[in-house]
Amino acid sequence: ARGLTAIPDLIEESRGAGATVGFDDRIGVRAADVPDSTGRLLYRLVQEGLTNAHRHAPSSPVDIDLSGTPGAGIAITVANPLAPGGERGAGSGLVALRSRVELLGGVFGARASRGRFELRAELPWEVA
């Protein structure tokens, strides 16, 4: 399964398909010691955020922000401007992600606000 270290590849795939994607990686995904289950979920969150952005606002830039520290937790945000008429409800992908995030003891949010759609999750980052 794809995990944390595969996120840059996922972003490059999107860029290769013509998307503008910014990635602020403040934890160093290639080297971060994040539990596999958390890494896989972070990958899925980025994947879902990119898919939704491409589907609902195909020409809009996507900003991905990843931050956190071991013990304090890890936070990821995937945000993009809304396309005209782009207010949208939570799809089944978001519902499934919410339950996975909550299962790991995290907090999930997906909302449209001030002309932007934002998917955000905060997860525990246990120290081994």
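What this report covers is the structure whose coordinates are included nearby.

When helices and strands are tallied, the protein chain shows three helices and five strands. Against the globule reference of 14 Å for 128 residues, the protein chain gives a C-alpha radius of gyration of 14 Å, in line with a compact fold. Within the protein chain, the fraction of its 128 residues that count as buried is 42%. In the protein chain, the share of contacts with a sequence separation of at least 24, taken over all contacts with a separation of at least 6, comes to 65%.

Two elements, strand β1 (residues 21-25) and strand β2 (residues 62-69), share five bridges in a ladder whose sense is parallel. Looking at the pairing, glycine 22 lines up with aspartate 63 of β2. Handedness of the crossover is the feature at issue here: the chain leaves β1, passes through helix α2 (residues 36-56), returns alongside β2, and the resulting connection is left-handed.

A few words on the environment of glycine 109. With respect to the helices and strands, glycine 109 occurs in strand β4 (residues 107-113). According to the relative accessible area criterion, glycine 109 is partly exposed, its value standing at 25%. Each C-alpha atom of the pair glycine 109 and serine 14 lies 23 Å from the other, and the pair is 95 residues apart in sequence.

For the pair α2 and helix α3 (residues 92-103), interaxial distance at closest approach is 11 Å and the crossing angle is 160°. When the axis of α2 is compared with that of α3, the two are roughly antiparallel. Crossing hand, α2 versus α3: left-handed. Taken together, the residues of α3 that come into contact with α2 (itself represented by Leu41, Arg44, Leu45, Glu48 and Asn52) are Gly93, Leu94, Leu97, Arg100 and Val101. Partitioned by chemical class, the residues of the contact of α2 with α3 number five nonpolar, two polar and three charged.

Procedures and definitions
Residues numbered from 1 in each chain as written. Predicted model: local features only at pLDDT ≥ 70, side-chain atom pairs only at ≥ 80, totals over all residues. Heavy atoms only, no water. Helix = DSSP H or I, 4+ residues; strand = E, 2+ residues; numbered from the N terminus. Rg over C-alpha atoms; globule rule 2.2 N^0.38 Å. Buried < 20%, exposed > 50% of the residue type's maximum accessible area, 1.4 Å probe, protein only. Contact = heavy atoms within 4.5 Å. Pairing = 2+ DSSP bridges. Right-handed = clockwise from strand over helix to strand, strands pointing away. Axes fitted to C-alpha atoms, helices over the stretch in contact; angles between N-to-C directions. Parallel < 35°, antiparallel > 145°, perpendicular 65-115°, else oblique. Left-handed = near helix turned anticlockwise from the far one by under 90°. Nonpolar A, V, L, I, M, F, W, Y, C, P; charged D, E, K, R; others polar.

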